[in-house]
Amino acid sequence: MEQLYKFRSIYFFYGILTAVIFCTLTWKTAANGVPGHFFYTPLTYFADTVKPLIKKDAINANKVAGTDTAKLPAADTTKLPGMDSVIKQKIDTFSLKVSKDSLEAPLKYEAADSVVVLVQAKKILLYGKTKTEYKDIVLTAPKVEVDQVTQMVTAVNSKDSTGEVIETAKFKSEESEFTSDTIQYNFKSQVGLTKNTYTQQGEILVIGEVAKKVNENTTFIKRARFTTCLLDEPHFAFVTPKMKVINQKLAISGPAHPEFEGVPVPVYLPFGFYPLSQGRHSGLLRPQFMTDEVRGLGLQGLGYYKVLNDFWDAQITGDIFSYGEWSLGLRTTYRKIYKYNGGFNLSMRSSKVNFKGDPDFSRSQVYNITWNHSLDTRARPGINFTANVNAGSTKFNQLIPGNPFINYQNLMGSSITFSKSWKNKPFNLSLSATHSQNNNLRLINLSLPNAAFTVGNVYPFQSKKGTGSIKWYEKLAVAYAGNFSNNISFYDSLTYGKNGVKPFLKYLLDTAQWTAQHSIPITLSLPPILGGRIIVAPGINYGQTWIQRTTNYSWNPTLKKVDTITSKGLFIDQRGSVSLGFNTAVFGTVQFKKSRIMALRHVIRPNMGFSYTPDLNKGRIKSTQVDTTGRVLFYNEIGGGFLYNASTRRSAAMNFGVDNNVEMKWRSKKDTGELAIKKIRVIEGFGFNGSYDFIRDSMNLSPISIYFRTTLLEKININASTTLNPYQTDVRGYDIAKYAWQGGKFKLGRLTTGNISVSTSFQSKPKDAQKEEERKKQSAQRLNDPALLADQQRLLDYMQQNSSEFVDFNIQWNLSLSYSLSFVNIIKPDFSGFEKDFTSGISFNGGFNLTDKWKLSGSGSYDIDTKEVQYISLSINRDMHCWQLSINVIPVGFTRSFNFSISPKAALLQDLKINRTRYFTSY
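The rules we used
- Residues numbered from 1 in each chain as written.
- Predicted model: local features only at pLDDT ≥ 70, side-chain atom pairs only at ≥ 80, totals over all residues.
- Heavy atoms only, no water.
- Helix = DSSP H or I, 4+ residues; strand = E, 2+ residues; numbered from the N terminus.
- Buried < 20%, exposed > 50% of the residue type's maximum accessible area, 1.4 Å probe, protein only.
- Contact = heavy atoms within 4.5 Å.
- Areas by Shrake-Rupley, 256 points an atom, 1.4 Å probe, with all protein chains shown as cover.
- Phe/Tyr/Trp six-rings, centres within 6.5 Å; stacked < 30°, edge-to-face > 60°.
- pLDDT = per-residue confidence, 0-100.
- Salt bridge = Lys/Arg side-chain N within 4 Å of Asp/Glu carboxyl O.
- 1 Å grid on protein atoms, 1.4 Å probe; cavity = no way out; pocket = protein on both sides within 12 Å on 5 of 7 lines; lining within 4 Å.
- Points joined across faces, edges and corners; volume = space filled by probe spheres on them.
- Nonpolar A, V, L, I, M, F, W, Y, C, P; charged D, E, K, R; others polar.
- Pairing = 2+ DSSP bridges.

Counting its regular elements, the protein contains seven helices and 53 strands. Each of the 923 residues in the protein was classed as buried or not, and the buried ones make up 32%. Residue pairs in contact within the protein that sit at least 24 positions apart in sequence constitute 50% of those at least 6 positions apart. A total accessible area of about 55600 Å² is found for the protein, and carbon and sulfur atoms account for 58% of it.

Encoded structure:
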């Protein structure tokens, strides 16, 4: 018996030596390019090497031990006829028999507690926070059993003394990820069986009692619940007895019914088809049922979405109502990375008020076009093309129900611009078309085509060698700027071709007016004087304006009004000027020693300049009587503009102005050291500008422009500007050659135009600061990415129209207030005097959390001038975790409405909602 143990020890030693030599040879063979498979586990070593050696005879064991399997291939040389020597390499080969239970890749495992190897059973048991890896599969569980014979791995959860699960088994691969109580998986066949499994596919969470994974991508589930509520016990789910899931593609279920808080709802669907793939997909758009007292019953949002290709998609939607109103919309977006992106939207709407036969019956057909396009600057350096179009019928915004923001949007504008710059050359070309419209006046202005060509500063006296100091005359620069524009204006309220109105095309051609302007500025940069304290800037400018028509005014004594007469042709208006400017900056600082205010700094920037402008077209200056008192005004027939209290454009003026800003250095109590010192702008800007003409016969002083802007306490923004007229007026409001401070009563002047706006915003600190920072970061990324500008604008428009769907419960309360006031003196249509037009209003926007899940918010606007409430919008929102509830009421406004909506938050179930909307419109 003792001898038997000796032999077994010898055999064991030889077995270990053979295993080491075999591993070394396998490594070197693989390095030389010979493929092989090796299952690197202790279990394989014991089962395939040690155990057979114990059973063999001692003589066979000695033979195996004496085999030199690690010997390297030897090089053999043979001398061939006609050659000195040829080296011929021979490679020894051997056959390696791979075990049937070997896997295609290494199996790696680890455990925090212990690893138990059962040699006879060919099993490995892992305990305590185990981790098993095979190819792209990662399995973590509190306990794992690996069976080498069946290549099956079994993972189970762990429970405490009360039976509660404290740690689950988790399976993760490239295609799927799930959590289960028990996982059985075959590495070879990739077939598995799990119990009580949780897996997420996109936005859907699938919970299965028993799940069978039949291949890498397909899983069958018995008694499944699927939901978008990502909780272990979801608030709602759809329950089905069987379900098939194809990873990241689709899920198919049998009969399904919903349940809420575990309570089943007896509404069954015969089957379910749920797309899980990410990205864009073509398909029908589900309509929404609507009703209101003006349009009747209807369907809203019925349409089709089509993916045209990887760069382009399109969507067509329509609304139809029982009272005859309908609308149609076409939207398309396109994007090619590093090239261009944009979107186009066409909307048409037909609406009517009352029914045929009613004296107040009316029908309106309106349209609106929006287009945005941007070219990536990396696509074609030096060339840029942008478009931002928002145009349509002037009544389009008024006919959109339930949106007070758009209903009162009276100004619209568009621009399309192509520009090109030449590399290493001072040339720039720009072609553009612009549009503006006033929906209140129903006036539309078009400016197209427009062209501009500029030549940057050229230094004709600059030395080409570029050596030595620069002479003063080498800084003389000459530039050129030329532009062409064509302007068209019309009213969409006119019936063209009828009632004495010209046909539309002829009307446009008759009212079109083009102009071309040329300017040649000559500038010289002189060295600062007085030790660099004053900067001197001389300049010469010459320009021409080409225009196609002249405008003359004539007093009609019969009708007692001014008639306008135009003449077509080519007319040239010439302008020239010589200027000399001076500007500097004066600094003053006051320091405080025993105060939280450490210092005050005041910066004064005065500027003064002299200019002379001859009247090169004095023959074009005309005069006309403008009222029954015989008042005469002078005007330039090229352009038709009236001159301000003058009979000529010749001037020799002194321009002057002063700008101020005040900054404060303040020590905060909240911080210490350098962080406690903060700089605050007390006054961001305050100043005035004006001029004095020395050669004018009267009224030499021009009106003074005054401005002021600041931000108080970093919260209250104030902007104000006004124009101070220094002259007295007659009974009709016209200026007379007498200063306001003359005549016994001191007065600086009268304010003819002005505006002031005050706005502020307050909000509480976010409950979750990290969440707020992440939201700001994502918002900043969208704003700074030029490729997302089109999507950003569409998102902002949607948020503005559906503000109740975007509620931030992370902010406890917020409040925004704004006030605006503007006035202007405008001349009466009959030139009989002036009248002051005031506009003022207050608007607010805010909200606060009633509880952690309820939020009340509202907005409104009040017109102080008319003393009327423009609109009021109130909404209340409920955060239901995976669902959201919204109630929105607009009791006052152009359109009054009520909306109730409850829907899931997930985009996949966006059509699964309950919505009730009613509009009360007054056209």
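From this point on, the discussion continues.
With that out of the way, let us pick up the packing of aromatic side chains. This model, assessed by the stated rule, comprises 22 aromatic pairs. Arranged with centres 6.5 Å apart and planes meeting at 85°, the rings of Phe236 and Phe238 form a pair that is edge-to-face. The residues Phe236 and Phe238 share a single accessibility class, namely buried. What links up through ring pairs into an aromatic cluster is the set Tyr134, Phe171, Phe178, Tyr185 and Phe187.

When pLDDT is low, close inspection of the predicted coordinates is not appropriate. Predicted confidence across the protein gives a mean pLDDT of 79, with 82% of residues reaching 70 or more. Every residue in residues 1-87 scores below 50 in pLDDT, and together they form 72 contacts with partners more than four places removed in sequence or on other chains. When the criterion is pLDDT under 50, residues 783-796 qualifies, and its contacts beyond four places in sequence or with other chains add up to 19 contacts.

As a further point, take the pattern of salt bridges. All chains considered together, the criterion is met by 15 salt bridges. Between Lys123 and Glu145 there is a salt bridge, with its nearest N and O atoms 3.6 Å apart. Here the residue Lys123 occupies a position in strand β5 (residues 123-134), and Glu145 occupies one in strand β6 (residues 137-147), the gap between them amounting to 22 residues. When the shortest N-O distance is used, the salt bridge between Glu209 and Arg223 registers 2.4 Å. Placement of the pair is Glu209 in strand β14 (residues 204-213) and Arg223 in strand β15 (residues 218-227), with a sequence separation of 14 residues.

The final tally for this structure, using the stated rule, is three cavities of 30 Å³ or more. Of the volumes computed, that of the largest cavity is approximately 180 Å³. Taken together, 20 residues form the lining of the largest cavity, with Phe178, Thr197, Thr199, Ala211 and Thr219 sitting closest to its centre. At the level of secondary structure, the elements contributing two or more residues to the lining of the largest cavity comprise β12 (182-186), β13 (192-201), β14 and β15. The element contributing the most residues to the lining of the largest cavity is β13, with six residues. Residues belonging to the lining of the largest cavity are distributed by class as follows: eight nonpolar, ten polar and two charged.

With that out of the way, let us pick up the pairing of strand β51 (residues 883-892). Pairing between strand β50 (residues 868-880) and β51: eight bridges, direction antiparallel. Directly across from Arg878, in β51, lies its bridge partner Leu885. Counting the residues in the hairpin turn of β50 and β51 gives two residues, including His881, whose phi is positive at 65°.

So, on to the environment of Ile876. With respect to the secondary-structure elements, Ile876 resides in strand β50. Residue classification places Ile876 among the partly exposed residues on the basis of a relative accessible area of 23%. Separated by eleven residues in sequence, Ile876 and Ile887 place their C-alpha atoms 5.3 Å apart. Those residues in contact with Ile876 that lie beyond four places of it in its chain are Leu850, Trp854, Lys855, Leu856, Leu885, Ser886 and Ile887.

By the bridge criterion, eleven bridges tie strand β25 (residues 326-336) to strand β26 (residues 340-353) in an arrangement that is antiparallel. For Gly329, the partnering residue across the bridge sits in β26 and is Ser347. What sits between β25 and β26 in their antiparallel hairpin is a turn of three residues, with Tyr338 showing a positive phi close to 65°. Sheet topology places β26 next to strand β27 (residues 362-375); 14 bridges connect them, and they run antiparallel. Across the sheet, residue Phe344 finds its bridge partner in β27, namely Trp371.

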